[in-house]
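What follows is the residue order along each chain.
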Amino acid sequence: MVLLERLLNSTTKAVLTALALLGLCLPAAAAQSVHVAAAANIKFALDDIAERYQQQTGRQLKISYGSSGNFVAQIKHGAPFELFLSADERYVDALADAGITRDKGVVYAYGRLALVAPKNSPLKLDQELQGLQQALAAGQIKRFAIANPDHAPYGERARALLKQKGLWQELQANLIYGENVSQAAQFALSGSTQGGIVALSLAVAPQFQARGHYLALPVDSHAPLTQRMVLLEKASDDAKTFYDYLQGPEARQVFSAYGFALPEGS
């Protein structure tokens, strides 16, 4: 009986010790995830890249998607991101000027706008937006989606393009703003709008092509969308490894497949 109690006590201690060690290991493993802030327009491309990277390296990533302007505010207020991929390089410049990045970062892609419409929409797609003008005049546009131009670069470029084409004032009452360009794309193809202007990189994704049509707008129809990324000052070695991977051939191939132009010589 005494021997049995000793065996039970010994087994119990071993189990408790193992559980304690497991409890110590789990937070440490979780803490090794690289925290990434990424512009919403690269969601599908970066998801593909991240999946390949994690399979190849075993390193973990925690990616948050949103508008570049909102991320700048969060980072300035201490959000624990290690790597920031912006939809417009001026947001990286703002962080660098504030002294909270390692350097000025690098350009990883050049973005484009796309005109999109759900499959049941009366909107005819053309690069000069004449179909949009005609649909407006006919009273066929009840709702039209873009990203919020106050903090989303793709929304800002969409607004500038609509102003350039003389459509902004007439379209004002019909505009639906997405918090970021990914949400704007969801609105544009939901069936509750007649279309929108969003990122080409989202429009080409199978998830969206199944729901609507798109047309890439000319590169010279809007100010450049120079997308820059940067390591924050407290970035880990794992963050630097992923940053380097994003500049390599596999990542570049994925970005290209999603409609991005790539910087030369990188």
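From a predicted model like this one, the values you see are computed outputs, not experimental measurements. (Residues numbered from 1 in each chain as written. Predicted model: local features only at pLDDT ≥ 70, side-chain atom pairs only at ≥ 80, totals over all residues. Heavy atoms only, no water.)

The next point concerns the overall build of the chain. Check the secondary structure of the chain and you find 12 helices and 10 strands. A separation threshold of at least 6 residues defines the contact pool for the chain, and within that pool the share at least 24 residues apart is 75%. Carbon together with sulfur atoms contributes 52% to the accessible area of the chain, which is approximately 12,900 Å² in total. (Helix = DSSP H or I, 4+ residues; strand = E, 2+ residues; numbered from the N terminus. Contact = heavy atoms within 4.5 Å. Areas by Shrake-Rupley, 256 points an atom, 1.4 Å probe, with all protein chains shown as cover.)

So, on to the environment of Leu-232. Following the sequence through the fold, Leu-232 ends up in the loop between strand S10 (225-231) and helix H11 (237-245). Between the C-alpha atom of Leu-232 and that of Leu-83, which follows or precedes it by 149 residues, the distance is 5.8 Å.

So, on to the side chain of Asp-88. Locating Asp-88 in the fold gives a position in the loop between strand S3 (83-85) and helix H4 (89-97). Reaching out from Asp-88, the side chain makes a polar contact with the side chain of Arg-157 at a distance of 2.8 Å. Apart from the residues within four sequence positions on either side, Asp-88 is in contact with Ser-68, Pro-153, Arg-157, Thr-226 and Gln-227. (Polar contact = N/O pair within 3.5 Å; in protein donor to acceptor, adjacent residues only side chain to side chain.)

The next point concerns helix H2 (residues 43-57). Note on helix geometry: an α-helix contains 3.6 residues per turn, so any two residues three or four positions apart are oriented the same way. For H2, built from 15 residues, the straight-helix expectation of 21 Å at 1.5 Å per residue is met to within 8% by its first-to-last C-alpha distance of 21 Å. Those residues of H2 lying buried are Phe-44, Ala-45, Leu-46, Ile-49, Ala-50 and Tyr-53. Close packing links the buried residues of H2 with strand S1 (34-39), strand S2 (61-66), helix H9 (200-203), helix H10 (206-209), H11 and helix H12 (249-257). Trailing H2 by a residue or two, Gly-58 shows a phi angle of about 80 degrees, which is positive. (Expected span 1.5 Å × (residues − 1). Buried < 20%, exposed > 50% of the residue type's maximum accessible area, 1.4 Å probe, protein only.)

Bringing the pattern of salt bridges into the picture now. Between side chains of opposite charge, a pair can form when the charged atoms approach closely. In this structure the tally under the stated criterion is 11 salt bridges. Between Asp-238 and Arg-59 there is a salt bridge; the shortest N-O distance is 2.9 Å. Here Asp-238 is found in helix H11, whereas its partner Arg-59 is found in the loop between H2 and S2, with 179 residues between them in sequence. Assessed through its relative accessible area of 21%, Asp-238 is described here as partly exposed. Judged by relative accessible area, which is 30%, Arg-59 ranks as partly exposed. Across the pair Arg-157 and Asp-88 runs a salt bridge whose closest N-O atoms are separated by 2.8 Å. Taken together, the positions of Arg-157 in helix H6 (residues 153-164) and Asp-88 in the loop between S3 and H4 put the pair 69 residues apart, joining distant regions of the chain. A residue is classified by how much of its surface remains accessible, and Arg-157, at 7% relative accessible area, is buried. Several salt bridges converge on common partners, so that one network encompasses Asp-88, Arg-90, Glu-156 and Arg-157. (Salt bridge = Lys/Arg side-chain N within 4 Å of Asp/Glu carboxyl O.)

Summarizing the sequence annotation, UniProt attributes the feature "binding site: molybdate" (unreviewed entry) to Ser-68 and Val-181 in the numbering used throughout. The largest pairwise C-alpha distance within this set of annotated residues, which runs over 114 residues, is 10.2 Å, so the set is compact in three dimensions. Summarising the element assignment, Ser-68 is placed in helix H3 (residues 68-76). Ser-68 gets classed as buried once you look at its relative accessible area, which sits at 1%. The residues contacting Ser-68, other than those within four sequence positions of it, are Ala-39, Phe-84, Ser-86, Ala-87, Asp-88, Tyr-91, His-151 and Pro-153. One can find Val-181 in helix H8 (residues 181-188). A relative accessible area of 5% places Val-181 in the buried class. (UniProt positions renumbered as here; feature names shortened; annotations may be inferred.)

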